[in-house]
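# An overview of the molecular structure
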Amino acid sequence: MRTIALALLLVVAICTLIFPSAALAADIANGAKVFNSNCAACHMGGRNVVMATKTLQKDALEKYSMNSLEAIINQVTNGKNAMPAFKGKLNAQQIEDVASYVLEKSEKGWS
């Protein structure tokens, strides 16, 4: 029985690596829509029109310890300083999608 469970676990792990999740791509696409509708006014192209040094560029996210999904989700959910909280405007899935989108774009240099 233990061998079957390990074999099943191995098959699931291999399938996960070989066949990327279509949902992940959809989440990033939804994150782009959420970003464009809610964030782009202040953060177009990964910039920050309110606080110029606190951009969404990879180096700034690293400098301000915002380079993780959890940190961005917290910031979007609760807001901070001039950034409003989106807790009441966006649902948890939309917030996670936009956080994933921001991380992906920062890795690609917002190009």
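Residues numbered from 1 in each chain as written. Predicted model: local features only at pLDDT ≥ 70, side-chain atom pairs only at ≥ 80, totals over all residues. Heavy atoms only, no water.

## Regarding the confidence of the model for the protein chain
- Model confidence for the protein chain is summarised by a mean pLDDT of 86, while 77% of its residues fall at 70 or above.
- Segment residues 19-25: pLDDT under 50, and zero contacts once partners within four positions in sequence are set aside and those in other chains are kept. (pLDDT = per-residue confidence, 0-100. Contact = heavy atoms within 4.5 Å.)

## Points about the UniProt feature "binding site: heme c" (unreviewed entry) in the protein chain
- Sequence positions flagged by UniProt for "binding site: heme c" (unreviewed entry) are, in local numbering, C39, C42, H43 and M83. For the residues just named, distributed over 45 residues, the greatest C-alpha separation is only 10.8 Å, placing them together at one site. Of the residues annotated just before, the largest pocket has C39, C42, H43 and M83 among its lining.
- The topology assignment puts C39 in the loop between α2 (22-38) and α3 (40-43).
- Taking the relative accessible area as the measure of exposure, C39 reaches 12% and is therefore buried.
- Ignoring sequence-local partners within four residues, the contact set of C39 consists of V34 and V98.
- Locating C42 in the fold gives a position in helix α3. (UniProt positions renumbered as here; feature names shortened; annotations may be inferred. 1 Å grid on protein atoms, 1.4 Å probe; cavity = no way out; pocket = protein on both sides within 12 Å on 5 of 7 lines; lining within 4 Å. Helix = DSSP H or I, 4+ residues; strand = E, 2+ residues; numbered from the N terminus. Buried < 20%, exposed > 50% of the residue type's maximum accessible area, 1.4 Å probe, protein only.)

## Quick word on the layout of surface pockets
- Of the voids in this model, the largest pocket is the one considered here, and its volume is about 610 Å³.
- Around the largest pocket, the lining comprises 26 residues; the ones closest to its centre are H43, N48, K54, Q75 and M83.
- At the level of secondary structure, the elements contributing two or more residues to the lining of the largest pocket comprise α2, α3, α4 (58-63) and α5 (69-78).
- Taken together, the residues that form the lining of the largest pocket break down as 18 nonpolar, six polar and two charged. (Points joined across faces, edges and corners; volume = space filled by probe spheres on them. Nonpolar A, V, L, I, M, F, W, Y, C, P; charged D, E, K, R; others polar.)

## A look at the nonpolar core
- In this structure, F35, I72, V76 and V102 are the most contacted members of the largest nonpolar core, which totals 21 residues.
- Only α2, α5 and α6 (92-107) provide two or more residues apiece to this core.
- By residue number, the principal contributor to this core is α6, which donates six residues.
- Once residues within four sequence positions are removed from consideration, I72 is found in contact with M66, A99, V102 and L103. (Core = buried A, V, L, I, M, F, W, Y, C linked by side-chain atoms within 4.5 Å.)

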